[in-house]
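Single-letter residue listing:
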Amino acid sequence: MADLREALDALLADVPPARLTESVRRLIEDYRSGRPADEPLIRTMVDATAYAAYRMPATHAAVLAALGQLPPIAPASQVDLGGGTGAAVWAARELFGAIEATVLDQVPEALKLGERIAKDQGIGWQQWRLGEPVPAADLVTVSYVLTELDDTAQRELVAGAAAAARQAVVLIEPGTPPGYRRMLAARDQLIAAGWHVAAPCPHQLACGMTGKDWCHFAARVNRSALHRRLKDASLGYEDEKYTFVAALRTPENAPGRIVRHPAFRKGLVTLQVCQQDTSVGPTLVSKREGPRYKAARDAAWGDPWPPHAADAQV
Ligand SMILES: C[S@@+](CC[C@H](N)C(=O)[O-])C[C@H]1O[C@@H](n2cnc3c(N)ncnc32)[C@H](O)[C@@H]1O
């Protein structure tokens, strides 16, 4: 990630700050509206640069966190659909090394910028519009794209990703109630197509979150000085809320998942855990439980629980 930040900072030195700020403002408004886009939201090179500056560190952090929840896999290739400036490819490279990667997107300026940021990492950048064929790859990623599409186009994109992926499909969306609803629909579609959900859900059944709750997680993003300035923010970090589904061709025994920040009281940790039986509720761990308590104290929102799937009594 240090490399990505350095690459972004170097790039931004070339663009007048006022134009970037104006473009960031417009993009924030467009993304917040939550409406499917009738035309590309990134329209110019300045937009692409603004997107890379203010969003890419966060989408990169969310994809990295989601990919990090997959059981051990070793993909040799990746296709990133609607990949924009390539955040998901940077994330996959951090976990899986310099695998063969192709970023597909409708906006040539985003691809051009992504290529400039990544320099000579041997990544392919191709203009592509939903509906066109998707090349096969071991891992297919789709991050923060469904949010721009209507229901029919979302189904088409998920079907294309599922048909092209050999090992794993990972979809990431904003961690909002609408993002969660889109993710649930995509999850159903993947399961119906014969895929096995490996994370975050510990089962293939209907989601057990009810009422006003929605399944989402948070990834910490350290803000550079420029990032802070562009977002008019004072804190040195932000927490990117995201939701995701990671599915594998072959079934895996998926662990339970901690779906909220753990609560600590003297000698007691309360974890909200999504369980294999689809229940979502509190698991209490007291100091008397020794190693289990220590594991609970170290556990974080988004982690598997128990921490080691094989450790049945933890
Ligand atoms: C919010 S950006 C996400 C970019 C990148 N995946 C990330 O996580 O940072 C959404 C991307 O989806 C692309 N996109 C939206 N609709 C598309 C379509 N119909 N065909 C191809 N790309 C599309 C946009 O051009 C844009 O780059």
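Owing to the predicted nature of the structure, the values given are computational and were not obtained by experimental measurement.

**A short note on the environment of Pro304**
Reasoning step 1: Position of Pro304 relative to the elements: it lies in strand E13 (residues 304-305).
Reasoning step 2: By relative accessible area, Pro304 is classed as partly exposed at 22%.
Reasoning step 3: Considering only alpha carbons, one finds Pro304 and Asp120, 184 residues apart in sequence, at a separation of 36 Å.
Reasoning step 4: In this structure Pro304 touches Gln69, Pro255, Gly256, Arg257 and Ile258, once residues within four positions along its chain are discounted.

**What to know about the packing of helix H4 (residues 56-67) against helix H5 (residues 87-96)**
Reasoning step 1: Contact pair H4 / H5: the axes reach a minimum separation of 8 Å and the direction vectors enclose 40 degrees. Taken together, H4 and H5 sit at an angle that is classed as oblique. Classified by chirality, the crossing of H5 by H4 is right-handed. Facing H4, whose interface residues are Met56, Thr59, His60, Val63, Leu64 and Leu67, H5 presents Ala87, Ala88, Trp90, Ala91, Ala92, Glu94, Leu95 and Phe96.
Reasoning step 2: Of the residues in the contact of H4 with H5, the class split is 11 nonpolar, 2 polar and 1 charged.

**Here's the deal with unusual backbone geometry**
Reasoning step 1: With omega at 0 degrees, the peptide bond leading from Ala199 into Pro200 counts as cis.
Reasoning step 2: Here Pro200 lies in the loop between strand E6 (196-199) and strand E7 (217-222).
Reasoning step 3: Looking along the chain, the bond that leaves Trp305 and enters Pro306 is cis, with omega of 0 degrees.
Reasoning step 4: Looking at the element boundaries, Pro306 is found in the segment after E13.
Reasoning step 5: Even without being a glycine, Tyr144 presents a positive backbone phi close to 55 degrees.

**A closer look at the side chain of Gln189**
Reasoning step 1: If you trace the backbone, Gln189 turns up in helix H8 (residues 177-192).
Reasoning step 2: The class for Gln189 is buried, based on a relative accessible area of 14%.
Reasoning step 3: Every residue in contact with Gln189, bar those within four places of it in the chain, is listed here: Arg155, Val158 and Ala159.

**Considerations on the pattern of salt bridges**
Reasoning step 1: Here the structure, examined in full by the defined rule, presents 12 salt bridges.
Reasoning step 2: Notably, a salt bridge pairs Arg220 with Asp239, separated by 2.6 Å at the nearest N-O pair. Placement of Arg220 in strand E7 and of Asp239 in strand E8 (residues 237-248) is noted, with a sequence separation of 19 residues between them.
Reasoning step 3: Residue class for Arg220 comes out exposed when judged on its relative accessible area of 51%.
Reasoning step 4: Salt bridges sharing partners connect three or more residues here, namely Arg26, Asp30, Glu39, Arg43 and Asp47.

**So, the packing of aromatic side chains**
Reasoning step 1: The final tally for this structure, using the stated rule, is 4 aromatic pairs.
Reasoning step 2: Between Phe217 and Tyr242 the ring centres are 6.1 Å apart and the planes differ by 45 degrees, which places this aromatic pair in the tilted class. Residue Phe217 is located in strand E7, and its partner Tyr242 is located in strand E8; the two are separated by 25 residues in the primary sequence.
Reasoning step 3: According to the relative accessible area criterion, Phe217 is buried, its value standing at 2%.
Reasoning step 4: Relative accessible area serves as the criterion here: at 4%, Tyr242 is assigned to the buried category.
Reasoning step 5: Taken together, a centroid distance of 5.9 Å and an interplanar angle of 40 degrees make the contact between Tyr242 and Phe244 tilted.
Reasoning step 6: On the accessibility criterion, Phe244 (3% relative accessible area) is buried.
Reasoning step 7: Members of the aromatic cluster, connected to one another through ring pairs, are Phe217, Tyr242 and Phe244.

**Notes on the nonpolar core**
Reasoning step 1: The biggest cluster of nonpolar side chains holds 34 residues, and the ones touching the most others in it are Leu8, Leu20, Leu27, Met56, Ile117 and Ile123.
Reasoning step 2: For this core, the secondary-structure elements that each account for two or more residues are helix H1 (2-12), helix H2 (17-33), helix H3 (45-54), H5, strand E2 (100-105), helix H6 (108-118) and helix H9 (225-230).
Reasoning step 3: In terms of residue count, the dominant contributor to this core is H3 (7 residues).
Reasoning step 4: Look past the residues within four positions of Leu20 in its chain and what remains in contact with it is Leu12, Val15, Val46, Thr49, Ala50 and Leu230.
Reasoning step 5: Counting residues in each nonpolar core, the second largest holds 33 residues, with Ala62, Tyr180, Tyr242 and Ala246 among its members.

**Some details on the environment of Leu230**
Reasoning step 1: Looking at the secondary structure, you find Leu230 in helix H9.
Reasoning step 2: Distance from Leu230 to Tyr54, taken between C-alpha atoms, is 6.8 Å for residues 176 residues apart in sequence.
Reasoning step 3: In this structure Leu230 touches Leu20, Thr21, Val24 and Ala53, once residues within four positions along its chain are discounted.

**What to know about the domain arrangement of the protein chain**
Reasoning step 1: Under the domain assignment, the protein chain is made up of domain 1 (2-248) and domain 2 (256-305).
Reasoning step 2: Here domain 1 and domain 2 have C-alpha centroids that lie 29 Å from each other.
Reasoning step 3: Each partner contributes to the interface: domain 1 provides 16 residues, whereas domain 2 provides 13 residues.
Reasoning step 4: A buried area of about 1,100 Å², summed over both sides, lies between domain 1 and domain 2, and 62% of it is on carbon and sulfur atoms.
Reasoning step 5: Looking only at domain 1, the three residues that lose the most surface to domain 2 are Gln69, Pro202 and Phe217, adding up to 40% of its buried area.
Reasoning step 6: Here domain 1 is connected to domain 2 by 1 salt bridge.
Reasoning step 7: Residue Asp213 pairs with Arg260 through a salt bridge whose shortest N-O separation is 2.2 Å.
Reasoning step 8: Here domain 1 and domain 2 share 5 residue pairs in polar contact (both at pLDDT 80 or more) between them.

Criteria and thresholds
- Residues numbered from 1 in each chain as written.
- Predicted model: local features only at pLDDT ≥ 70, side-chain atom pairs only at ≥ 80, totals over all residues.
- Heavy atoms only, no water.
- Helix = DSSP H or I, 4+ residues; strand = E, 2+ residues; numbered from the N terminus.
- Buried < 20%, exposed > 50% of the residue type's maximum accessible area, 1.4 Å probe, protein only.
- Contact = heavy atoms within 4.5 Å.
- Axes fitted to C-alpha atoms, helices over the stretch in contact; angles between N-to-C directions.
- Parallel < 35°, antiparallel > 145°, perpendicular 65-115°, else oblique.
- Left-handed = near helix turned anticlockwise from the far one by under 90°.
- Nonpolar A, V, L, I, M, F, W, Y, C, P; charged D, E, K, R; others polar.
- Salt bridge = Lys/Arg side-chain N within 4 Å of Asp/Glu carboxyl O.
- Phe/Tyr/Trp six-rings, centres within 6.5 Å; stacked < 30°, edge-to-face > 60°.
- Core = buried A, V, L, I, M, F, W, Y, C linked by side-chain atoms within 4.5 Å.
- Domains from an automatic or database assignment.
- Buried area = accessible area lost by both parts, 1.4 Å probe.
- Polar contact = N/O pair within 3.5 Å; in protein donor to acceptor, adjacent residues only side chain to side chain.

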